[in-house]
Structure formats: structure tokens, C-alpha cells
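Okay, here's what each chain looks like letter by letter:
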Amino acid sequence: MTETVRALVDRLCAGEHLTEPEYAALVAGRDGEAAARLRERAVAVRRSIYGDAVFTRGLIEISSFCKNDCLYCGIRRSNANAQRYRLTGEEILLCAQEGYRLGFRTFVLQGGEDGYYTDSVLWDIIRALKRRFPDCAVTLSLGERSLDSYRALRQAGADRYLLRHETADRAHYGALHPREMSFDNRMRCLQDLRTLGYQVGCGFMVGSPGQTPETLAKDLAFVAAFQPDMCGIGPFIPHRDTPFRDRPAGSVELTCFLLSVIRLLCPAVLLPATTALGTLHPQGRELGIQSGANVVMPNLSPLSVRKKYALYDNKLCTGEESAQCRACLEQRMRSIGYELVTHRGDVRKPQIPRERKARRAPL
Ligand code: SAM
């Protein structure tokens, strides 16, 4: 470790935030020793808040229709080879019923931006989920909507919303998305969700085309300032039917490094070890947990549609029943000394000491 990197690692381990140039220097200059120190501290911080519990969320992929054309995504509108499906309210409830039986107490409804799911369709689905499973949290991950729409879904009972910001660098955002998509609107959505009282998740892909230590520095500064309740980060993986088909996948090592940094920047954040991480490395999700993550999201979608929600190539867990996915993850977590827990797993907000707050670097 160079002296510069050592000093940055020390400050992060002491609970400080860095400036953008410092995050960039950390990412560019990192080595195994720096990663090990951050990992050790990240795990200690997570343990002090959550013990050795790993939270599970049952992921229900409700639609592969999408009006957007994100350049990295396999279900983008212009992929004529994508297999499209959408689940009815009744099918979603059946997935949740099976999930409840398996011990899930959070259901994540994720999908492309599919116009079929109007506020009134979603209202009925959310109300029915809350009525049948009152002890469960409902998380939505359905992309960009209006303030009024987010308000209606919150009033229906949705508790949390995941909307990765994708990149906090405006020019990089422009390189990953078609012209009609807007960085400002994505950021507006995140602010609206917070104002409405959702537990909010942001996040980004690691290794997306055009990403640099400088763009990652902006992501880290954004995450540190926004203090999300959840943060989804996972490696970019190319999809054969997208313009990024020939781009290299993101790195497992850098993803794990960033998981540790994010745990230190947001000590109580709910941080998933993602399916994409597990897709790139046979022990990817275990490595994620050992780097500071504390959430896994096994798939509850019906087996018949699993392969159709193909965001990237070779996606893991597309051929297994929900019960198998859960049992597999339970066994994997146990093998590294962690316990899957079944309660809702809401974010815990510890009091940050005054002195530490004051030392945060301004954005
Ligand atoms: N439509 C919603 C939205 O935009 O937030 C949710 C669905 S979207 C497919 C979920 C996430 O998948 C995106 O936020 C993106 O980060 C991730 N994703 C898409 N394509 C990917 C790829 N090729 N590799 C890794 N992650 C990808």
C-alpha cells in the first residue's frame, strides 16, 4: 500500500468521508492490503449493527417489457430477441404465498418500465399483498415514475423503493442511456421517493462501459451524501443482444472493494450481495457478504419466466425452484458462519456521533 492509500484507508476506517479526488485516488491506487483492511473494518462495523444476520428479500420479476432502451440491458425495448412476459396480480400473489411459506418477509417487485402496471393496477396488487401478508414489507423496483405515482404507491402500502442511480456522472449517464433518458429525472425520482417516506435504495453497476476511477468517485460521494437505506451494486455483465455485447464484465474484486467502502460510508445500509456477483464467481455472494454486504435476494419468480428476465448473459438461478434457491443460499451463508433471518429486516439508523458528522467532507 502506498502512503497515500494507507492514509485514505485509515480515514475511512475511522468513519470519515473523503473528497471526490481522494475516492478516485483510493480506487486507482488500491491493492490487496488496502482491500483487506477495509474489508475487516467493514465487517466489524456491520457486525456491530446487525450481528451475523443476513437478510433475505424474495425477488419477483414481474415484467420483461420495458419502454426504455438502456444500452447495457438485455430487456431493452429494441432487443427483438428478448422474450417478453408479464405477471398478473394473481400470479404475483401466488409467488408471494410461496415466498411467505418459505420464510420471506420482504417481497421485491421488480420489472422493466411496463405501461401495463398503471397506478391503479399496482394499487390493487400492493393492497392485496399487504392484506394477505400484513407482517411483510413490499419493495418496488419499477423504474422512473412521477411524484404523484410514487405517492399513490406509497399510500397503497409500498414500504421501500429501489432505483439505482446507475452513475452519478452526467456524461457517463449519457453514454449508458439513449438521449430521451435523463440524469436529472433519475435523480429527481430518488429525491421524490425520499420525500414521500420510502426507504430508498440507489446503486450502480461496477465496470459499466466508460466507468473510471473518477466516475466511481462521484458515485461514492453521492452515496455518502445521499445516505440511502439500501444500495445495490453489482458487476456489469454483457448481454449478447445489446450494443455492449463485446465489453468486458466488471470485476468481482472491485465490486467487493466498493462494498466495503460503502459499508463504511453508510454503516447501517442494507447492502445486497447480488446475483450478478454470484454469476461472475462461484462464491461471489459469499465474498460479497465477507466484504460488508448483509442482504441476499433469492428469486421467487415462477420457473416458467425466469430465463426471460435476462438482463445479462448466463444469469444465475434461472433453472431452480424458489425453495431450492432459498435452501442453497441458506447453506451458502451457513458455510461462512452467517444466518439467514426471516424478519422484515428494516434499516437500523444508529446515532452518528457529532464529532464524526462534523468531519464529513462536503460534496
Ligand atoms: N426498470 C427498473 C429500473 O430501471 O430501475 C428496474 C429493473 S432494471 C433491469 C434493474 C437493474 O438491473 C438496473 O438498475 C441495472 O443496474 C441492472 N442491470 C441491467 N443490465 C445489466 C447488466 N447488463 N449487467 C448488470 N446489471 C444490469
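This text follows the structure it describes.
Residues numbered from 1 in each chain as written. Predicted model: local features only at pLDDT ≥ 70, side-chain atom pairs only at ≥ 80, totals over all residues. Heavy atoms only, no water.

A. Here's a closer look at the site of the ligand. Neighbouring the ligand are 18 residues; Y72, G111, R164, E166 and I237 lie closest to it. Between the ligand and the protein, one listed contact pairs a nitrogen atom with a backbone N or O atom of L311 at 3.5 Å. Isolated, the ligand exposes 560 Å² of accessible area, and the fraction of that covered by the protein chains is 92%. The site holding the ligand turns out to be the largest cavity. (Near = heavy atom within 4 Å. Polar contact = N/O pair within 3.5 Å; in protein donor to acceptor, adjacent residues only side chain to side chain. Areas by Shrake-Rupley, 256 points an atom, 1.4 Å probe, with all protein chains shown as cover. 1 Å grid on protein atoms, 1.4 Å probe; cavity = no way out; pocket = protein on both sides within 12 Å on 5 of 7 lines; lining within 4 Å. Sits in = over half its atoms within 2 Å of the grid points.)

B. Fine view of the sheet that holds strand β3 (residues 106-111). As summarised here, the arrangement of the six strands in space is β2-β3-β4-β5-β6-β7, forming an open sheet in which the pairing is parallel. Each end of this open sheet is capped by a strand with a single partner; those strands are β2 (58-63) and β7 (230-235). When strand polarity is set aside, the average angle formed by the axes of neighbouring strands in this sheet is 20°. Docked against the sheet, helix α5 (residues 119-132) engages β3 and β4 (137-141), running at close to 155° with respect to β4. Packed on one face of the sheet, helix α8 (residues 183-195) meets β5 (160-162) and β6 (199-206) and runs near 155° to β6. (Pairing = 2+ DSSP bridges. Helix = DSSP H or I, 4+ residues; strand = E, 2+ residues; numbered from the N terminus. Axes fitted to C-alpha atoms, helices over the stretch in contact; angles between N-to-C directions. Contact = heavy atoms within 4.5 Å.)

C. Representation of the pairing of strand β1 (residues 53-56). Of the two faces of β1, the one lined by A53 and F55 and the one lined by V54 and T56 are each fully buried. Pairing between β1 and strand β9 (residues 339-341): three bridges, direction parallel. Bridging across to β9, F55 finds its partner in V341. Sheet analysis places β1 next to strand β8 (residues 295-296), joined by two bridges and oriented parallel. Paired with T56 across the two strands is V296, which belongs to β8. (Buried < 20%, exposed > 50% of the residue type's maximum accessible area, 1.4 Å probe, protein only.)

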